[in-house]
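# Observations on the three-dimensional arrangement
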Amino acid sequence: MYPIKIKIKKCENLNDVNKYIKKNRIRVIFFSETHGLLDEIPIQEKIINELHPKYYLYELLEEEKINSDEEFDIFLQKGESQKFSVISTFGNLRPTIELAKKYKLPLIGCDIKDMCRDNKNFEDINSPKEKEIMYKREEKQREVIESWISKQEELIFVSLGAFHLRENSEVLREFKHKFVIIFPLIDNKKLDEIEDEPNLT
């Protein structure tokens, strides 16, 4: 498992973070995921096990929701290579679905169907088309997160791709609730700070 480095004042471990969350009434744990670049499920499980969120909001689930044991079982019976959306297969989502089921966390999608795309052909991130898609998606992500915050008072775990949690993203720019972010460091840098291909060895 990758080491967890904590950069919250007076917090040395996840138990300290748990106390910090309760004391400061933190509403959201953002998890900045790499979409398969790293094996993040063991880290997510450790965080969920120690910080006890009550809901799991998941970008790749798009507009779907999985609440009951029956719904989890139906999802997990799908074939690994069967298409879930234009972007993902059921196999891509399976580790997260299994994790949420294990901890009895309702799993809520927080993105636009097919991530607002007709195919998997991504253009340059700075192209006008990609900027428009990103704006729409991040607006939707923030709306879903804030909607779930307004519905209840429990801690929410939100897993989004690392790019959506960059400093000036639409998700965070007008976000009005207290949160913590957990993000991967590769060569001691966040993903949006890496210019070359990351070294994962």
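You'll find the structure just up there.
Let me begin by describing the structure that accompanies this report. (Residues numbered from 1 in each chain as written. Predicted model: local features only at pLDDT ≥ 70, side-chain atom pairs only at ≥ 80, totals over all residues. Heavy atoms only, no water.)

### Some remarks on the packing of aromatic side chains
- Overall, the coordinates contain 10 aromatic pairs when judged by the stated rule.
- Consider the rings of Tyr55 and Trp148, whose centres lie 5.4 Å apart with planes at 50°: the pair is tilted. Placement of Tyr55 in strand S2 (residues 55-58) and of Trp148 in helix H5 (residues 128-151) is noted, with a sequence separation of 93 residues between them. The burial state of Tyr55 is the same as that of Trp148; both residues are buried.
- Relative to Phe157, the ring of Tyr56 lies with its centre 4.9 Å away and its plane at 50°, an arrangement referred to as tilted. One end of the pair, Tyr56, is in strand S2; the other, Phe157, is in strand S5 (residues 156-161), with 101 residues separating them in the sequence.
- The exposure class of Phe157 is buried, given its relative accessible area of 0%.
- By the ring-pair criterion, three or more aromatic residues cluster together here, those being Phe31, Tyr56, Tyr58 and Phe157.
- The residue whose ring lies beneath Lys113 is Phe84, and the NZ or CZ to ring-centre distance is 5.4 Å.
- Sitting above the plane of the Trp148 ring, Lys151 keeps its charged end 4.3 Å from the centroid. (Phe/Tyr/Trp six-rings, centres within 6.5 Å; stacked < 30°, edge-to-face > 60°. Helix = DSSP H or I, 4+ residues; strand = E, 2+ residues; numbered from the N terminus. Buried < 20%, exposed > 50% of the residue type's maximum accessible area, 1.4 Å probe, protein only. Lys NZ or Arg CZ within 6 Å of the ring centre and 35° of its normal.)

### Some thoughts on the pattern of salt bridges
- Here the structure, examined in full by the defined rule, presents 13 salt bridges.
- Between Arg117 and Glu130 there is a salt bridge whose closest N-O contact spans 2.8 Å. Of this pair, Arg117 sits in the loop between strand S4 (107-109) and H5 while Glu130 sits in helix H5, and the two are 13 residues apart along the sequence.
- One salt bridge in this structure joins Lys136 and Glu132, with 3.4 Å as the shortest N-O distance. Taken together, the residues span about one helical turn, with Lys136 and Glu132 both in helix H5 at a distance of four residues.
- The network of salt bridges with shared partners includes Glu59, Asp111 and Arg137. (Salt bridge = Lys/Arg side-chain N within 4 Å of Asp/Glu carboxyl O.)

### Side note on helix H1 (residues 14-23)
- Along H1, the residues classified as buried are Leu14, Asp16, Val17, Asn18 and Ile21.
- Of the surrounding secondary structure, the elements contacted by the buried residues of H1 are strand S1 (28-33) and helix H2 (41-51).
- A distance of 3.1 Å separates the backbone nitrogen of Asn15 from a side-chain oxygen at the start of H1, and that oxygen is part of Asn13.
- One or two residues past the end of H1 sits Arg25, with phi positive at roughly 55°. (Contact = heavy atoms within 4.5 Å. Polar contact = N/O pair within 3.5 Å; in protein donor to acceptor, adjacent residues only side chain to side chain.)

### Concerning the environment of Glu45
- Secondary-structure assignment places Glu45 in helix H2.
- The class for Glu45 is partly exposed, based on a relative accessible area of 21%.
- Through-space distance from the C-alpha of Glu45 to that of Lys102 is 9.6 Å; in sequence the pair is 57 residues apart.
- Contacts of Glu45, omitting those with residues within four sequence positions, involve Leu99, Lys102 and Tyr103.
- A distance of 2.8 Å separates the side chain of Glu45 from the side chain of Tyr103, its partner in a polar contact.

### Focus on the nonpolar core
- Counting 32 residues, the largest nonpolar core has Tyr56, Leu61, Phe75, Leu93, Ile97 and Leu107 as its most contacted members.
- Mapped by element, the contributors of at least two residues to this core are H1, S1, H2, S2, helix H3 (69-76) and helix H4 (90-102).
- The element best represented in this core is H4, accounting for five residues.
- Residues within four places of Phe75 in sequence aside, it is in contact with Leu61, Ile66, Phe84, Phe90, Leu93 and Ile97.
- Membership of the second largest hydrophobic core comes to 17 residues, among which are Tyr55, Leu57, Val158 and Val171. (Core = buried A, V, L, I, M, F, W, Y, C linked by side-chain atoms within 4.5 Å.)

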